[in-house]
Amino acid sequence: MISYIITSSLLVIPTWLVYIFLVRNRTSLRRQKTYLYVAVIGSLSFPLLVSPSTEISLFGPSASNIEAIGFGHQIDHASLQNYCRCENPNYAHRIRYRANGWYNFLFKHKIWFTYAILLAMGGVGLTFVLQLLYLHRLVRSSHKESINIDGQNCVLLHTGKSHSVGAFRLGKSYIVWQDELAELTTQERLAIFRHELSHLKQFNTLEKAALRLLQCLWLINPVFYVLRKELNLLSEFLADESGASALAKKQSYAHLLVHLQSLNNIPLVMHFQHSQLRKRIERLIYPPAPSRLPVWQMAVGAIFAFQYFCASPLAARVSSTLNTLQTYEVISQKIAPDAREAVYCTDCETVCTQDE
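Residues numbered from 1 in each chain as written. Predicted model: local features only at pLDDT ≥ 70, side-chain atom pairs only at ≥ 80, totals over all residues. Heavy atoms only, no water.

1. Things to note about the overall build of the protein
This is how the line gets drawn: Numbering of helices and strands runs from the N terminus; a helix is a DSSP stretch of H or I covering at least four residues, while a strand is a stretch of E covering at least two. Only heavy atoms enter the contact rule, under which two residues are in contact if any of them lie within 4.5 Å. Note on areas: these come from Shrake-Rupley sampling with a 1.4 Å probe, and a residue is covered only by the protein chains present in the view.
In terms of helices and strands, the protein carries 10 helices and eight strands. Once local pairs closer than 6 in sequence are excluded, the contacts in the protein between residues at least 24 apart make up 71%. Carbon and sulfur atoms make up 59% of the accessible area of the protein, which amounts to about 19,300 Å² in all.

Have a look at this one:
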């Protein structure tokens with residue numbers, strides 16, 4: 001499982017770099033989101049297709065974690081008996097051990113690191129459950145009003161509290177509404193409705209829930225957090241385009257965004273107000289010109305090819321590294337604490353230092 005998490009985390013890093021330099025602002029917003037979906041799905045899927053034969057058994061002779069040792073002098077076959085209890089010592093089965101302060105610190109506190117990660121994962125899962133319960137409670141406690149927006153039926157939730165406008169799916173399509181917005185013009189209210197309707201059509205509630213669960217897997221993967229932020233921003237860009245279509249000028253919609261800016265938030269809900277307001281307005285008024293080259297097709301093809309051909313060797317390398325670290329941990333527990341170098345025999349599990 002650890003090997004899978006690390007492999008999938010590493011696979012998504014190059015895909016993000018390709019997105020930054022080749023895809024972002026060079027194709028449509030929907031294709032940008034699709035590319036990110038493909039990158040995530042590929043990073044999660046291809047490591048599952050890796051053959052079990054790439055796994056390296058602990059202490060198995062392999063060039064990646066086995067090395068012949070000579071501490072200042074060559075250990076010939078005749079002298080191998082001094083380093084282990086084997087009747088017929090095998091020179092190829094000697095593992096080189098050198099003390100590493102960082103590894104020692106890591107293994108000494110491994111139990112606390114494990115507890116911290118499990119606690120963080122549990123916190124993410126608990127937060128997700130509490131957010132879902134909050135939305136259920138919000139639906140039950142709010143006054144409901146059915147409304148049809150551009151042919152789609154939705155339910156307006158009048159909460160009676162200071163919540164920002166937002167939309168989410170929970171069996172039905174809901175839009176959190178404020179009575180104070182009745183002061184807006186009909187077109188301005190339509191702009192807000194279309195914005196929220198776009199979030200519903202994008203299934204942003206499901207997207208946010210899936211990303212919350214993915215966070216448990218990629219908890220310490222920094223690329224996940226920038227990728228999640230980018231997906232949220234792209235969703236807002238698409239919703240702003242839909243909302244702006246209700247007004248004669250994009251500048252009018254931009255003024256509406258500023259007017260309705262709020263700090264109130266509802267978990268798992270895509271809000272009409274958003275913290276990245278400046279980027280949204282700039283994108284709306286000054287949209288980038290898409291590239292004439294088929295960058296989206298090129299990027300998706302390149303990423304699929306990269307993930308397909310790199311998943312297996314990368315998984316093997318990760319497994320080898322993990323087994324090497326496990327080997328180091330086992331040896332370090334068998335030698336004297338102050339020993340800096342040692343020879344370990346995998347056949348008889350004997351540890352000898354240079355002075356012995």
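2. Points about the nonpolar core
For clarity, the cut-off: Nonpolar cores are built from buried Ala, Val, Leu, Ile, Met, Phe, Trp, Tyr and Cys residues. Side-chain atoms within 4.5 Å join them into one set. Only protein chains enter the accessibility calculation, which uses a 1.4 Å probe; a residue whose area is less than 20% of its type maximum is buried, one above 50% is exposed, and one in between is partly exposed.
With 26 residues, the main nonpolar core has Ile175, Trp177 and Ile192 as its most contacted residues. Among the secondary structure elements, those contributing two or more residues to this core are strand E2 (143–149), strand E3 (152–158), strand E5 (172–177), helix H5 (186–201), helix H8 (250–259) and helix H9 (277–285). Sorting elements by how many residues they give to this core places H5 first, with five residues.

3. Details of unusual backbone geometry
Within the chain, Asn25 stands out as a residue other than glycine whose phi angle is a positive 65°. When you line up the elements, Asn25 lands in the loop between helix H1 (2–23) and helix H2 (29–45). Of the residues examined, Asn25 reaches a relative accessible area of 35% and is grouped as partly exposed. One non-glycine residue with positive phi stands out, namely Phe203, at about 55°. Taking the relative accessible area as the measure of exposure, Phe203 reaches 44% and is therefore partly exposed.

4. Overview of the environment of Thr321
Inspection of the secondary structure puts Thr321 in helix H10 (residues 295–332). Of the residues examined, Thr321 reaches a relative accessible area of 36% and is grouped as partly exposed. Between the alpha carbons of Thr321 and Ser3 there is a distance of 9.4 Å; along the sequence they are 318 residues apart.

5. A few points about a nonpolar patch on the surface
Selection rule: Surface patches are defined over residues having more than 30% relative accessible area and no salt bridge, joining like charges when they lie within 9 Å and nonpolar side chains (Val, Leu, Ile, Met, Phe, Trp, Tyr) when within 5 Å. Put simply, a salt bridge is a Lys or Arg side-chain nitrogen that is within 4 Å of an Asp or Glu carboxyl oxygen.
Residues Ile2, Ile6, Leu10, Ile13, Leu17 and Phe21 make up a contiguous nonpolar surface patch of about 550 Å² in total accessible area. Tracing the chain through its elements places Leu10 in helix H1. Note on Leu10: relative accessible area 36%, which makes it partly exposed.

6. Remarks on the packing of aromatic side chains
Let me state the cut-off plainly: Centres within 6.5 Å make a pair out of two Phe, Tyr or Trp rings, where for Trp the six-membered ring is used; the pair is then stacked when the planes are under 30 degrees apart, edge-to-face when over 60, and tilted otherwise.
Applying the stated criterion to the full structure yields 14 aromatic pairs. An angle of 25° between the planes, with centres 5.4 Å apart, marks the rings of Phe168 and Tyr174 as stacked. Looking at Phe168, the relative accessible area reads 0%, which means it is buried. Given a relative accessible area of 8%, Tyr174 falls into the buried group. One aromatic cluster is present, built from ring pairs that chain together Phe46, Phe304, Tyr308 and Phe309.

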